[in-house]
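Descriptive analysis of the structure
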Amino acid sequence: MSIVSNSLKRIKPSPTIAVTTKAREMRAAGRDVIGLGAGEPDFDTPDNIKEAAIKAIKRGDTKYTAVDGTPDLKKAIQAKFLRENDLSYELDQITVGTGGKQVLYNAFMATINKGDEVIVPAPYWVSYPDMILLAGGKPKIVKCDEKDGFKITANKLKKAISKKTKWLILNSPSNPTGSAYTKEEIIELSKILIKNKKMYILSDDIYEHIIYNNFNFFTIAQIKALKDRTLTMNGVSKSYSMTGWRIGYAAGPKEIIKGISKVQSQSTSNPSSISQAAAVEALNGTQDFIKTRTDSFKQRRDFVVDSLNSIKGLSCLRPEGAFYVFPSCKKLLGKKTKIKTDKDFVEKLLERSEVAVVPGSAFGLDGYFRVSYATSMENLKKAMNRIKSFCENLN
Ligand code: PLP
């Protein structure tokens, strides 16, 4: 009998990490692979944030902190929600974890009973279904259409809700599509959610600041009737180029926040004291660089979308945010090209043209692939040329 637990058997390793590993192996073997699989900004953490961490070390902020975050960081998060989202929380409605990922994991561990359902709109961030499965829950995957910007509609939401529904996950802007929900779309969804009083909403706002053309970011906790049933997760990884520092946070109902901290108290305890001091500076310090960096992401988005749309057989929406696009390769699948699935497409693209992307099926929607444009323009230009000749040779 295997030592491995039944709950571990329910899950798979992250497919995005699998692609990155394969690309790294090919590079180590001397191949000139361009990686478009990254889930992190290519920019460095701003200097003022680094300095705050150095100061914290020198000051002796090197001990355990409160499990759910230092008072200074919780106050900075409280101020952020008020300043940017017009949301007011008490400090005991806020918790800090080792990345948004840990906060989400703890939230599911703290709230899901065996058989509870969680509505996950697809395409989804790869970790949601596996986290839900680990917690003993059932991911209820709802496939969203490209014509709806890959977003869940009120109609689809209504159909997906059952007596067992515990959570709905919303992720805007989205990984992997970059799509963001407008205020009007959120209001439409909220009409259904207000009626279903037993379910909760988990809003993953991690890409909040990477948004273009003055898109008016709106988060579902801003709907007054739903605030008491919404857990809003956010973090410093993407907005402040701080993926390695591992700081994420959430705000919401006290009972859930307490539950998240309880799980954390028996697993990792507090997130790094030094990273927390850096996150205080990220949230309270200058926000100027966000605009410069977002402008640069926007330029790359436009270049990538235009390039992909100029390739015969591919088509790509122009999303509102994040640093991903999710083009369709459906027209290139079939007998003529001898490529059956998006997974085959991605594997052949890597082998023949040395460009690493992630298949749509990894995110729960076949016939697409995810391109991350969090890399230099130079790399993007080379990669788009390679994808173009790869696709032309298939036709
Ligand atoms: N949510 C989404 C949609 C993400 O893409 C990521 C990271 O890739 C996270 C949450 C977690 O980010 P972190 O754990 O770095 O805060």
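See the structure above.
These remarks concern the structure in this document. This structure is a prediction, so every number in the text was calculated from the model and none was measured.

Conventions adopted
- Residues numbered from 1 in each chain as written.
- Predicted model: local features only at pLDDT ≥ 70, side-chain atom pairs only at ≥ 80, totals over all residues.
- Heavy atoms only, no water.
- Patch = residues over 30% accessible without salt bridge, like charges linked within 9 Å, V, L, I, M, F, W, Y side chains within 5 Å.
- Areas by Shrake-Rupley, 256 points an atom, 1.4 Å probe, with all protein chains shown as cover.
- Salt bridge = Lys/Arg side-chain N within 4 Å of Asp/Glu carboxyl O.
- Helix = DSSP H or I, 4+ residues; strand = E, 2+ residues; numbered from the N terminus.
- Expected span 1.5 Å × (residues − 1).
- Buried < 20%, exposed > 50% of the residue type's maximum accessible area, 1.4 Å probe, protein only.
- Arc of directions from axis to C-beta.
- Contact = heavy atoms within 4.5 Å.

The next point concerns a nonpolar patch on the surface. A cluster of nonpolar side chains, Ile-3, Val-4 and Leu-8, forms an exposed patch at the surface whose accessible area comes to about 310 Å². Counting through the fold element by element, Ile-3 comes out in the segment before α1 (6–9).

Here we take up unusual backbone geometry. Here Ser-172 and Pro-173 are connected by a cis peptide whose omega angle stands at -15°. Looking at the element boundaries, Pro-173 is found in the loop between β5 (165–171) and α8 (183–195). Backbone torsion omega between Asn-175 and Pro-176 reads 25°, so that peptide bond is classified as cis. Within the secondary structure layout, Pro-176 lies in the loop between β5 and α8. Its identity as a non-glycine residue notwithstanding, Asp-86 has a phi of 55°, on the positive side.

Let us now look at helix α2 (residues 15–28). Along its 14 residues, α2 runs 20 Å from first to last C-alpha, staying within 8% of the 20 Å computed at 1.5 Å per residue. Inspection of α2 places Thr-16, Val-19, Ala-23 and Met-26 among the buried residues, and these make up the whole buried set. Looking down the long axis of α2, one finds its buried residues gathered within 90° of arc, a one-sided arrangement. In this structure, α2 carries Ile-17, Arg-24, Glu-25 and Ala-28 as exposed residues pointing more than 90 degrees from its buried face. Where the residues of α2 are buried, they touch α12 (342–353), β10 (355–356), β11 (358–359) and β12 (369–372). Immediately downstream of α2, the backbone of Gly-30 shows phi near 95°, a positive value.

Honestly, it's all geometry; don't read function into it.
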